[in-house]
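Observations on chain architecture
Below, each chain spelled out in residue letters.
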Amino acid sequence: MIKSLYTISGNSLVADDTFRLELQAGETGREISGEFVHLSIPDFYLRRPFSICDAGDGKLTIFYKVVGEGTKVLSKMCVGEKIDVLAKLGRGFSADECKESALLVGGGLGAAPLHFLAKELKAEGKRIHAVLGFNKASEVVLEEEFRALCDSLTFTSLDGSLGIKGFVTDALKASLPQYDYFYTCGPMIMMKAVCDFLEGPGEASLEERMGCGAGFCYGCSIQTAKGVRRVCTDGPVFKKEDILW
Ligand SMILES: Cc1cc2nc3c(=O)[nH]c(=O)nc-3n(C[C@H](O)[C@H](O)[C@H](O)COP(=O)(O)OP(=O)(O)OC[C@H]3O[C@@H](n4cnc5c(N)ncnc54)[C@H](O)[C@@H]3O)c2cc1C
Ligand code: FES
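**Section: the sheet that holds strand S3 (residues 36-40)**
Here we have 7 strands laid out as an open sheet, ordered S4-S3-S7-S1-S2-S6-S5, and antiparallel in their pairing. One side of each edge strand has no neighbouring strand; the edge strands of this open sheet are strand S4 (48-51) and strand S5 (54-56). Taken pair by pair, the neighbouring strands of this sheet meet at an average axis angle of 35°, ignoring direction. With 7 bridges connecting them, strand S1 (residues 2-15) and strand S2 (residues 18-24) associate as antiparallel partners. What sits directly across from Gly10, in S2, is Glu22. Relative to S5, helix H2 (residues 111-123) is tilted by about 45°, and along the sheet it contacts S4, S5 and strand S6 (59-65).

If you want it as structure tokens, here you go:
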């Protein structure tokens, strides 16, 4: 865990209620996809957790949706302002579990950490198939970035304004790419449907309300097949077979 002050170098609206936040790191280690950062938003006692969408050259990129007071304040922060960040948190995706071909299934901003994973997989020379679901076209993020990384990319939208109309599982049922390992991130109900449908090994990045974000308060505890685990330190990424939905 690394705590330091980062400088905001970008914070702009990129889709419905969705912002892309760029942070210039004071001090950084090598981030791994699936890890998260805990941001201290001015005037809020509890930090807020966000997945890393991209990292490198001392820069971190996060995509966040404005859902409550904290993210509303965050969306008003300006370039040049400093923000207190706890970084290097959580156990991320295991890119090395995939031998040749990965299937990435994302819902909404679950696409953000999967983008970072796709970059890692691509750097290792693996094939990448992605299925990304959104409510509607105006919520889509990272389209160009995924197109540049993926061997195949399918979009779904609930209202039919982009790609296949329906859920990500509708797209998977219609055409299932060849893969040896899958990764999913998005709403819990979507990830459960994905894990129920997909055969073979895989993992999912879970979300839980967090207190400390660093293993001390047990506020994020969940029951797993291996007993009680903390999402912030034992996860947020868990193997499919360990998750008790
Ligand atoms: C490991 C992890 C990674 C995350 N990554 C991202 C990300 O990349 N982008 C993003 O937009 N959001 C992400 N979230 C969710 C994000 O932390 C919450 O949306 C944020 O903390 C809400 O803060 P707020 O003060 O605006 O909302 P609050 O006023 O605290 O809550 C507003 C609404 O959001 C819900 N909410 C708040 N926190 C969470 C949470 N941790 N999980 C699920 N629902 C929550 C509440 O139940 C409520 O309905 C992540 C959460 C976790 C645990
Ligand atoms: S949030 Fe405190 S232990 Fe996980």
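**Let's talk about the domain arrangement of the protein chain**
Each assigned domain of the protein chain is listed here: domain 1 (2-89), domain 2 (95-205) and domain 3 (206-245). One C-alpha centre belongs to domain 1, the other to domain 3; they are set 22 Å apart. The interface is formed by 8 residues belonging to domain 1 together with 7 residues belonging to domain 3. At the level of secondary structure, the elements contributing two or more residues to the side of domain 1 that touches domain 3 comprise S3 and strand S7 (82-89). Across the side of domain 1 that touches domain 3, the residue classes tally to 5 nonpolar, 2 polar and 1 charged.

**Examining the site of ligand 1**
Around ligand 1, the surrounding shell holds 21 residues, and the nearest of these are Arg48, Ser51, Gly68, Gly70 and Thr71. Residues of the shell around ligand 1, tallied by class, amount to 11 nonpolar, 4 polar and 6 charged. Looking at which domains feed residues into the shell around ligand 1, each of domain 1 (2-89) and domain 3 (206-245) gives three or more.

**Structural notes on the sheet that holds strand S9 (residues 127-134)**
Reading across from one edge, S11-S10-S9-S8-S12-S13-S16 is the order of the 7 strands in this open sheet, with mixed pairing throughout. Each edge of the open sheet is held by one strand with a lone partner, namely strand S11 (164-165) and strand S16 (237-239). Strand direction decides the pairing type here: strand S8 (residues 101-107) and strand S12 (residues 181-185), joined by 5 bridges, are parallel. Bridging across to S12, Ala102 finds its partner in Tyr181.

Calculation rules
Residues numbered from 1 in each chain as written. Chains lettered and ligands numbered in written order. Predicted model: local features only at pLDDT ≥ 70, side-chain atom pairs only at ≥ 80, totals over all residues. Pairing = 2+ DSSP bridges. Helix = DSSP H or I, 4+ residues; strand = E, 2+ residues; numbered from the N terminus. Axes fitted to C-alpha atoms, helices over the stretch in contact; angles between N-to-C directions. Contact = placed C-beta atoms within 7 Å. Domains from an automatic or database assignment. Nonpolar A, V, L, I, M, F, W, Y, C, P; charged D, E, K, R; others polar. Near = placed C-beta within 6 Å.

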